[in-house]
Amino acid sequence: MGIATRDSLRDWLRAPGSLSRRLARLGGRFEVQVLRQGVAPFRARERAALGLPPRGLTLVREVILRVDGQPLVWARSALHQCAGTGPWRALKGLGARPLAHLLYDDRRIHRSELEPRRLARQGHTRRHAARQWQAATGAPPSPQMLWSRNSVFSRCGAQLRVMELFVPELARHRPGARKIR
């Protein structure tokens, strides 16, 4: 596939609601592959999005979302470590279930606007995602895997930032489409 642009992925970058549910419609089997879940230092963009102090730790969950075995999205969720024992404590027990199970069935949770972002090809987040992608899939991600969307979910005053990085091949499919080939 050629270069994935913001325009070619626009429908995915702006699609409201659950990304997991949209992806699941593309095939017969939807899976969440947990790559890492634990405590990590704040990242600057996460700290800014969550309004956190310059030092501290976040609870992080990094996953690959697959449809019929095909990896389509690398995602990272982050929240202040204290929120992991408060309003977002259920995050720790999610395992391989989609984050959507927590986010879209609770009326107390509110989402910010989706913010599309092109990652720097050699930026920290892109390099980190590429290492995890290769370890999990056995192949490097496409060099064009640069477009992500970011949003912040709020529940009882605590915030959770979600970043989703898309494979360029998704541009061939509409978010509401069925069956990926």
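Cut-offs used in this document
- Residues numbered from 1 in each chain as written.
- Predicted model: local features only at pLDDT ≥ 70, side-chain atom pairs only at ≥ 80, totals over all residues.
- Heavy atoms only, no water.
- Helix = DSSP H or I, 4+ residues; strand = E, 2+ residues; numbered from the N terminus.
- Rg over C-alpha atoms; globule rule 2.2 N^0.38 Å.
- Buried < 20%, exposed > 50% of the residue type's maximum accessible area, 1.4 Å probe, protein only.
- Contact = heavy atoms within 4.5 Å.
- Areas by Shrake-Rupley, 256 points an atom, 1.4 Å probe, with all protein chains shown as cover.
- Lys, Arg positive; Asp, Glu negative; His and termini not counted.
- Charge placed at Lys NZ, Arg CZ, Asp CG, Glu CD.
- Expected span 1.5 Å × (residues − 1).
- Phe/Tyr/Trp six-rings, centres within 6.5 Å; stacked < 30°, edge-to-face > 60°.
- Salt bridge = Lys/Arg side-chain N within 4 Å of Asp/Glu carboxyl O.
- Core = buried A, V, L, I, M, F, W, Y, C linked by side-chain atoms within 4.5 Å.

Enquirer: Account for the overall build of the protein chain, naming residues and giving values.
Expert: On a plain count of helices and strands, the protein chain comes out with 5 helices and 7 strands. Listing each helix as α and each strand as β along the protein chain from the N terminus yields α-α-β-α-β-β-α-β-β-α-β-β. Taking 181 residues into account, the globule formula puts the C-alpha radius of gyration at 16 Å, and the protein chain, at 16 Å, falls close to it. Per-residue burial over the protein chain gives 48% buried out of 181 residues. Contacts in the protein chain between residues at least 24 apart in sequence constitute 67% of all its contacts with a sequence separation of at least 6. In the structure as shown, the protein chain presents an accessible area of about 9000 Å², 50% of it carried by carbon and sulfur atoms. One finds the centroid of the 35 positive side-chain charges in the protein chain at a distance of 3 Å from the centroid of its 12 negative side-chain charges.

Enquirer: Lay out helix H5 (residues 124–137) with the relevant residues and their values.
Expert: For H5, which comprises 14 residues, the first-to-last C-alpha distance of 20 Å matches the rise-based estimate of 20 Å (1.5 Å per residue) to within 8%. Along H5, the residues classified as buried are Thr125, Arg126, His128, Ala129, Ala130, Gln132 and Trp133. Tucked inside the fold, the buried residues of H5 contact strand E1 (30–41), strand E2 (57–67), strand E3 (70–80) and strand E7 (158–166).

Enquirer: I'd like a rundown of the packing of aromatic side chains, residues and numbers included.
Expert: Across all of its chains, the model carries 1 aromatic pair by this definition. On the numbers, 6.0 Å between centres and 85° between planes, the contact of tyrosine 104 with phenylalanine 153 is edge-to-face. Note that tyrosine 104 is positioned in the loop between helix H4 (100–103) and strand E4 (109–111) and phenylalanine 153 in strand E6 (residues 147–155), a separation of 49 residues in sequence. By relative accessible area, tyrosine 104 is classed as partly exposed at 28%.

Enquirer: Please give an account of the pattern of salt bridges that cites residues and values.
Expert: Note on pairing: side chains with opposite charge can pair once their charged atoms come close. For the coordinates displayed, the defined rule picks out 8 salt bridges. Note that aspartate 105 and arginine 21 form a salt bridge whose closest N and O atoms lie 3.5 Å from each other. On the criterion of sequence distance, the pair formed by aspartate 105 in the loop between H4 and E4 and arginine 21 in helix H2 (residues 19–24) is long-range, its members being 84 residues apart. Residue arginine 21 is classed as partly exposed on the basis of its relative accessible area of 37%. Sharing partners across several salt bridges, the network here consists of Arg36, Glu46, Glu62 and Arg76.

Enquirer: So, the environment of valine 73: which residues are in play, and what are the values?
Expert: With respect to the helices and strands, the residue valine 73 is situated in strand E3. You can call valine 73 buried: its relative accessible area is 0%. Sequence-wise, valine 73 and arginine 118 are 45 residues apart; in three dimensions their C-alpha atoms are separated by 14 Å.

Enquirer: Would you mind going over the environment of leucine 146 in detail, with residue names and values included?
Expert: Following the sequence through the fold, leucine 146 ends up in the loop between H5 and E6. Setting aside chain neighbours within four positions, we find leucine 146 in contact with Arg117, Arg118, Leu119, Arg121, Arg126 and Leu165.

Enquirer: Go over the nonpolar core, please, and point to the residues and values.
Expert: Ranked by size, the top nonpolar core spans 25 residues in total, and within it Trp12, Leu23, Leu72, Val73, Trp74, Phe166 and Leu170 carry the most contacts. Elements that contribute at least two residues to this core include exactly helix H1 (10–14), H2, E2, E3, H5 and E7. In this structure, leucine 170 is in contact with Leu9, Trp12, Leu23, Leu26, Leu72 and Val73, ignoring residues within four places of it in sequence. Judged by nonpolar contacts, the second largest core, of 13 residues, contains Leu59, Leu91, Leu103 and Leu160.

Enquirer: Go over the environment of alanine 100, please, and point to the residues and values.
Expert: Considering the arrangement of structural elements, one finds alanine 100 in helix H4. Alanine 100 sits 83 residues away from glycine 17 along the chain, and the two C-alpha atoms are 8.7 Å apart. If we ignore the near neighbours within four places in the chain, the residues touching alanine 100 are Ser18, Ser20, Arg21 and Asp105.

Enquirer: Account for unusual backbone geometry, with residues named and values stated.
Expert: Even without being glycine, aspartate 68 reaches a positive phi, approximately 50°. The class of aspartate 68 is partly exposed, set by a relative accessible area of 40%. Positive phi values are uncommon outside glycine, yet cysteine 156 reaches one of about 50°. Position of cysteine 156 relative to the elements: it lies in the loop between E6 and E7.

By themselves, these are just geometric observations and shouldn't be taken as functional.
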